[in-house]
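# Secondary and tertiary structure notes
One-letter residues, chain by chain:
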Amino acid sequence: RRSRLPAPLHLALTLATYAAVPARERLGVALAALRLARVDVTKAATDEETFGSWLARHGQSPRAVEALWSLITVATLNISPDEASLALAAMVFQTGLFGDAAAADIGLPGAPLGLLHGHAGAVALAAAGVDVRLGARVHSLVTGPTRGPVVHTDDGGLEADAVILAVPHDVAAGLLPPGSTGAEGLRMSPIINAHVVFDRRVLAEPFAALLGGDLQWVFDRTAISGLPSGQYLAASISAADGLIGLRTHELRERLLPQFVAAFPDAASAEVLDFFVTREPAATFRQAAGTAKLRPGPVTATPGVYLAGAWTATGWPATMEGAVRSGTMAATAALAERAAHDSPSDPEGARA
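Model, not experiment: these values are computed from the prediction.

Let us now look at the overall build of the protein chain. Secondary structure summary: the protein chain contains twelve helices and ten strands in total. In terms of overall dimensions, the protein chain has C-alpha extents of about 70 × 50 × 40 Å along its principal axes. Taking all 351 residues of the protein chain together, the buried fraction comes to 39%. In the protein chain, the share of contacts with a sequence separation of at least 24, taken over all contacts with a separation of at least 6, comes to 64%. On the protein chain, roughly 18,700 Å² of surface is accessible, and the fraction owed to carbon and sulfur atoms is 59%. Across the protein chain, the mean location of the 27 positive side-chain charges is 6 Å away from that of the 33 negative side-chain charges.

Next up, the structure:
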């Protein structure tokens, strides 16, 4: 819990009493955090170094890494500190710990994300006169020297003044000429979500962070799912490379004992349902050296722009980064159109 002190002192008491890190190491953790605040995340050399090597150079023990640094890094970057880019990891901690004191507060949605984002976005777009076509898969993107880009979808062809490809990097690469994105070297990191419905409450808190096993963050989704009784827990497992290939019954056998170990009341509870959702390509792999593979919004193809959390936003692969990428792409498209509209052309000035 944070205090009312300004950052970074707002978490000093919490760190000083954090039993998961041995008492003799807590001061070293605090000193490392202060050094991390001074890391220049804009330098290419920072991105080329792994966060794990930086932590080792600053005296962080395996226990401190597991109990604190990895707990946050894996959840935010979807990769272990031993692989993660120091620049991206430092950006996460600088933003969350050394910015506003409330920056690291954890908010839980009180409604399904489809309602929070999808419905709200649809209402805003409709009010702006936007034509949204769902389920219209894009087959190809054709460009030419004398016309704007033409998008071929299940609905037919659509000629546009500008096209923003807000798709995964491998999909964008398939729609553009070879080498257009420069992101062909990016790899992907998986996420697994294990969903368990118990016949009674086994977790008293709205969420929990777990150490020492496969389970990382566990959330109570009972109310949001509309479940009238029992408890519905969802465990989000990031950097799930070792689990993504397991079948559901294998994951059940492996994970249910960990639920019981973490929440003793689960030992006497009946499991009403267990299912798994998998995202093999949940995010791009935010490893050291990936900054040079993340393109900006402008492509070499006239009228075509890129958006997505994998582009060069300066942020990790998060919703916040994705939103920034969309803003950057739209700004670039509007700027190019404004440049083509000659002030001496009345028709262009009115466009």
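Next comes the rest of the account.
For the coordinates displayed, the defined rule picks out eleven salt bridges. When the shortest N-O distance is used, the salt bridge between Arg63 and Glu66 registers 2.9 Å. One end of the pair, Arg63, and the other, Glu66, are both in helix H5 (residues 62-77), three residues apart, so they sit about a helical turn from each other.

Turning our attention to the confidence of the model for the protein chain. The share of residues in the protein chain with pLDDT of 70 or more is 97%, and the mean pLDDT across the chain is 92. Across the protein chain, the secondary-structure element scoring lowest on mean pLDDT is helix H12 (residues 346-350), at 47, and the one scoring highest is helix H4 (residues 51-57), at 98.

Our focus in this paragraph is the environment of Val196. Relative to the assigned elements, Val196 resides in strand E5 (residues 188-198). A relative accessible area of 0% places Val196 in the buried class. Taking the C-alpha atoms as reference points, Val196 and Arg221, separated by 25 residues in sequence, lie 9.9 Å from one another. Discounting chain neighbours no more than four positions away, the residues touching Val196 are Gln231, Tyr232, Leu233, Leu256, Phe259, Val271, Asp273 and Phe274.

What follows covers the side chain of Thr299. Following the sequence through the fold, Thr299 ends up in the loop between strand E9 (271-284) and strand E10 (304-307). Only 3.1 Å separates the side chain of Thr299 from the backbone nitrogen of Thr301, close enough to count as a polar contact. Only 2.7 Å separates the side chain of Thr299 from the backbone oxygen of Val304, close enough to count as a polar contact. In this view, Thr299 contacts Leu176, Val304, Tyr305 and Leu306; residues no more than four positions away in its chain are not counted.

Here the focus is the layout of surface pockets. Counted as a void, the second largest pocket has a volume near 730 Å³. Along the walls of the second largest pocket sit 19 residues, with Asp131, Val151, Leu158, Val163 and Ile164 positioned nearest its centre. The set of elements that each furnish at least two residues to the lining of the second largest pocket consists of strand E1 (138-142), strand E2 (150-153), strand E3 (156-159) and strand E4 (163-166). The leading source of residues in the lining of the second largest pocket is E4, at four residues. Its residues placed into classes, the lining of the second largest pocket shows 15 nonpolar, one polar and three charged.

Moving on: the packing of helix H2 (residues 23-36) against H5. The geometry of H2 relative to H5 is characterised by a closest axis approach of 12 Å and an angle of 50° between their N-to-C directions. Taken together, the axes of H2 and H5 lie oblique to each other. Like other packed secondary-structure pairs, H2 and H5 cross with a definite hand, here right-handed. On H5, the residues that touch Glu25, Val29, Ala32, Ala33 and Leu36 of H2 are Ala64, Leu68 and Trp69. Classifying every residue of the contact of H2 with H5 by side-chain character gives seven nonpolar, no polar and one charged.

Strand order in the open sheet formed by five strands is E6-E7-E8-E5-E9, and the pairing between neighbours is antiparallel. The open sheet has two free edges, formed respectively by strand E6 (207-209) and E9, since each of these has just one partner strand. Each neighbouring strand pair of the sheet contributes to a mean axis angle of 15°, computed without reference to strand direction. Helix H10 (residues 248-262) contacts E5, strand E7 (217-220), strand E8 (231-238) and E9 of the sheet and is inclined by roughly 105° relative to E9.

Val29, Leu36, Phe51, Trp54, Trp69 and Leu77 are the most contacted members of the largest nonpolar core, which totals 27 residues. Elements with a contribution of two residues or more to this core: H2, H4, H5 and helix H6 (86-97). The residues contacting Leu77, other than those within four sequence positions of it, are Ala84, Leu88, Ala89, Val92, Thr283, Gln286 and Pro316. By size, the runner-up hydrophobic cluster in this structure holds 24 residues, among which are Ala194, Leu255, Phe263 and Ala269.

What counts, and at which threshold
Residues numbered from 1 in each chain as written. Predicted model: local features only at pLDDT ≥ 70, side-chain atom pairs only at ≥ 80, totals over all residues. Heavy atoms only, no water. Helix = DSSP H or I, 4+ residues; strand = E, 2+ residues; numbered from the N terminus. Buried < 20%, exposed > 50% of the residue type's maximum accessible area, 1.4 Å probe, protein only. Contact = heavy atoms within 4.5 Å. Areas by Shrake-Rupley, 256 points an atom, 1.4 Å probe, with all protein chains shown as cover. Lys, Arg positive; Asp, Glu negative; His and termini not counted. Charge placed at Lys NZ, Arg CZ, Asp CG, Glu CD. Salt bridge = Lys/Arg side-chain N within 4 Å of Asp/Glu carboxyl O. pLDDT = per-residue confidence, 0-100. Polar contact = N/O pair within 3.5 Å; in protein donor to acceptor, adjacent residues only side chain to side chain. 1 Å grid on protein atoms, 1.4 Å probe; cavity = no way out; pocket = protein on both sides within 12 Å on 5 of 7 lines; lining within 4 Å. Points joined across faces, edges and corners; volume = space filled by probe spheres on them. Nonpolar A, V, L, I, M, F, W, Y, C, P; charged D, E, K, R; others polar. Axes fitted to C-alpha atoms, helices over the stretch in contact; angles between N-to-C directions. Parallel < 35°, antiparallel > 145°, perpendicular 65-115°, else oblique. Left-handed = near helix turned anticlockwise from the far one by under 90°. Pairing = 2+ DSSP bridges. Core = buried A, V, L, I, M, F, W, Y, C linked by side-chain atoms within 4.5 Å.

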